[in-house]
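The primary structure of each chain is shown beneath.
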Amino acid sequence: QVQLVESGGGLVQAGGSLRLSCAASQRTFYAAGWFRQPPGKEREFVATISWTGGSTYYADSVKGRFTISRDNAKNTVYLQMNSLKPEDTAVYYCAARPLRTSTLQSDYNDWGQGTQVTVSS
């Protein structure tokens, strides 16, 4: 089991940027995903990255604005969020699963506790 800790959330104005980090407790061959849960809504897929970093996928709503990346030497996955919009306001979660990417929450075994991102208009 991989323990995950997110950080980097906060309050930002529309058009601004934030970088979220997700630190893993151990070095394992895992794919990672970012999901988010807006207020009053269900949790949704944001982005995923393979173990090697060679494969990435994004939700249409964030494509071109968000970038997922990883530094396996640091056991850390990142989500760079640019051109933020009020509708990006949510609790952001990172998750891990063995090897291959997935856009499905049910495919992920391990989850972080979440970090709040609030975008003001």
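Side note on the packing of aromatic side chains
Here is step 1 of the chain: Following the criterion strictly, the structure yields five aromatic pairs and no others.
Here is step 2 of the chain: On the basis of an interplanar angle of 80 degrees and a centroid distance of 5.3 Å, the ring pair of Phe 35 and Tyr 108 is categorised as edge-to-face. Here the residue Phe 35 occupies a position in strand β4 (residues 30–37), and Tyr 108 occupies one in the loop between β9 (90–98) and β10 (110–111), the gap between them amounting to 73 residues. One exposure class covers both Phe 35 and Tyr 108, and it is buried.
Here is step 3 of the chain: Each ring, one from Tyr 108 and one from Trp 111, has its centre 6.2 Å from the other, and the planes form 65 degrees; the classification is edge-to-face.
Here is step 4 of the chain: Assessed through its relative accessible area of 5%, Tyr 108 is described here as buried.
Here is step 5 of the chain: For Trp 111, a relative accessible area of 26% puts it in the partly exposed group.

Things to note about the pairing of strand β8 (residues 76–81)
Here is step 1 of the chain: Within β8, five of the six residues are buried, leaving the element largely enclosed by the surrounding structure.
Here is step 2 of the chain: In this structure, strand β7 (residues 66–71) lies alongside β8, joined through six bridges in antiparallel fashion. Counted as the bridge partner of Arg 70 is Val 77 from β8.
Here is step 3 of the chain: In this structure, the hairpin formed by β7 and β8 is closed by a connection of four residues, where Asn 75 is found at a positive phi of approximately 50 degrees.

Thoughts on the pattern of salt bridges
Once their charged atoms are close, side chains differing in charge can pair, the charge on each being opposite to the other.
Here is step 1 of the chain: Considering all chains together, one arrives at four salt bridges under this definition.
Here is step 2 of the chain: Glu 44 serves as the salt-bridge partner of Arg 36, at 2.7 Å between the closest nitrogen and oxygen.
Here is step 3 of the chain: The class of Arg 36 is buried, set by a relative accessible area of 4%.
Here is step 4 of the chain: Asp 88 is paired through a salt bridge with Arg 36; the nearest N and O atoms lie 2.9 Å apart. With Asp 88 in the loop between β8 and β9 and Arg 36 in strand β4, the pair connects residues that are 52 residues apart, well separated along the chain. The same class applies to Asp 88 as to Arg 36, namely buried.
Here is step 5 of the chain: When salt bridges with common partners are traced through the structure, they connect Arg 36, Glu 44, Arg 65 and Asp 88 into a single cluster.

Examining the nonpolar core
Inside soluble globular proteins, nonpolar side chains tend to come together where they are buried.
Here is step 1 of the chain: One finds Trp 34, Leu 79, Met 81 and Tyr 92 to be the most contacted residues of the largest nonpolar core, which totals 33 residues.
Here is step 2 of the chain: Where this core is concerned, the elements lending two or more residues are β3 (18–24), β4, β5 (44–49), β7, β8, β9 and β11 (115–120).
Here is step 3 of the chain: Leave out the neighbours within four places in its chain, and Leu 79 touches Leu 18, Arg 19, Leu 20, Trp 34, Val 46, Ala 47, Phe 66, Thr 67, Ile 68 and Tyr 92.

Calculation notes
Just so you know, the residues in each chain are numbered from 1, in the order the chain's sequence is written. In keeping with the model being predicted, local features are shown solely for residues with a pLDDT of at least 70 and side-chain atom pairs are shown and tallied solely at 80 or more, while totals for entire chains, interfaces and linings include all residues. With hydrogens and water stripped out, all remaining heavy atoms of the structure feed into the side-chain values. For Phe, Tyr and Trp, rings pair up if their centres lie within 6.5 Å, where Trp contributes its six-membered ring, and each pair is then called stacked (planes under 30 degrees apart), edge-to-face (over 60) or tilted (otherwise). Working definition: helices are DSSP H or I runs of at least four residues, strands are E runs of at least two. Numbering for both runs from the N terminus. Only protein chains enter the accessibility calculation, which uses a 1.4 Å probe; a residue is then buried when its area is under 20% of its type maximum, exposed when over 50%, and partly exposed in between. Pairing between strands is defined by DSSP: at least two bridges between the two strands are required. By definition, a salt bridge exists where a carboxyl oxygen of Asp or Glu is found within 4 Å of a side-chain nitrogen of Lys or Arg. Throughout this description, the term nonpolar core refers to a set of buried Ala, Val, Leu, Ile, Met, Phe, Trp, Tyr and Cys residues connected via side-chain atoms within 4.5 Å. We call two residues in contact whenever any of their non-hydrogen atoms come within 4.5 Å of each other.

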